Amino acid sequence: SSLSSLSRYLERELNELKREDQMKGTCFYNTLREYLLNGNNVSMTSKKLFIHRNTMIYRLGKINEILGVDINAPAVSHRLLLSIILQEGKIIPHP
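Overview of the structure. (Residues numbered from 1 in each chain as written. Predicted model: local features only at pLDDT ≥ 70, side-chain atom pairs only at ≥ 80, totals over all residues. Heavy atoms only, no water.)

Let us now look at the environment of Leu81. If you trace the backbone, Leu81 turns up in helix 5 (residues 74–88). With relative accessibility at 21%, the residue Leu81 sits in the partly exposed group. Placed 48 residues apart in sequence, Leu81 and Arg33 show a C-alpha to C-alpha distance of 7.3 Å. (Helix = DSSP H or I, 4+ residues; strand = E, 2+ residues; numbered from the N terminus. Buried < 20%, exposed > 50% of the residue type's maximum accessible area, 1.4 Å probe, protein only.)

Right, dumping it as structure tokens:
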């Protein structure tokens, strides 16, 4: 279906983050996921992940580098969130 081909296309970006996490023991995918689910709010996400705000900012910078995009650009942010939702196969409830 067209939804599954869209999902495969969107997965490529996220797979880059997952590969980085597997190779280096980082947690960029989960950081991005939580950040997007928290409306791109650094303070809220860092509290939820129990990390310092500066650590959060550092991770977001690395995620931008790995993906080669600005994750705060609305179109990019929405695309990545859609990709995460499609990849996980469910709508994630917002707390």
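Next, the rest of the story.
The next thing to look at is the nonpolar core. Core analysis: the biggest nonpolar cluster contains 18 residues, and Leu32, Ile63, Ile71 and Leu80 have the highest contact counts within it. When contributions to this core are tallied by element, the ones reaching two or more residues are helix 1 (2–24), helix 2 (28–37), helix 3 (42–49), helix 4 (53–67) and helix 5. Top contributing element to this core by residue count: helix 2, with 5 residues. Apart from the residues within four sequence positions on either side, Leu32 is in contact with Leu14, Leu17, Ile63, Leu67, Ile71 and Leu80. (Core = buried A, V, L, I, M, F, W, Y, C linked by side-chain atoms within 4.5 Å. Contact = heavy atoms within 4.5 Å.)

Turning next to helix 3. Note on helix geometry: an α-helix contains 3.6 residues per turn, so any two residues three or four positions apart are oriented the same way. Every buried residue of helix 3 is accounted for by Val42, Thr45, Ser46 and Leu49. One side of helix 3 carries all its buried residues, which in axial view fall inside an arc of 100 degrees. The inward-facing, buried residues of helix 3 contact helix 2 and helix 4. Its side-chain oxygen placed 3.1 Å from the backbone nitrogen of Ser43, Asn41 serves as the N-cap of helix 3. (Arc of directions from axis to C-beta. Polar contact = N/O pair within 3.5 Å; in protein donor to acceptor, adjacent residues only side chain to side chain.)

Helix packing for two helices is described by the angle between their axes and how far apart those axes are. The geometry of helix 2 relative to helix 3 is characterised by a closest axis approach of 9 Å and an angle of 130 degrees between their N-to-C directions. Judged by the inter-axis angle, helix 2 sits oblique to helix 3. Of the two possible hands of crossing, helix 2 and helix 3 adopt the one that is right-handed. The segment helix 2 lies against helix 3, with Asn30, Thr31, Glu34 and Tyr35 engaging Val42, Thr45, Lys48 and Leu49. For the contact of helix 2 with helix 3, a count of residues per class yields 3 nonpolar, 3 polar and 2 charged. (Axes fitted to C-alpha atoms, helices over the stretch in contact; angles between N-to-C directions. Parallel < 35°, antiparallel > 145°, perpendicular 65-115°, else oblique. Left-handed = near helix turned anticlockwise from the far one by under 90°. Nonpolar A, V, L, I, M, F, W, Y, C, P; charged D, E, K, R; others polar.)

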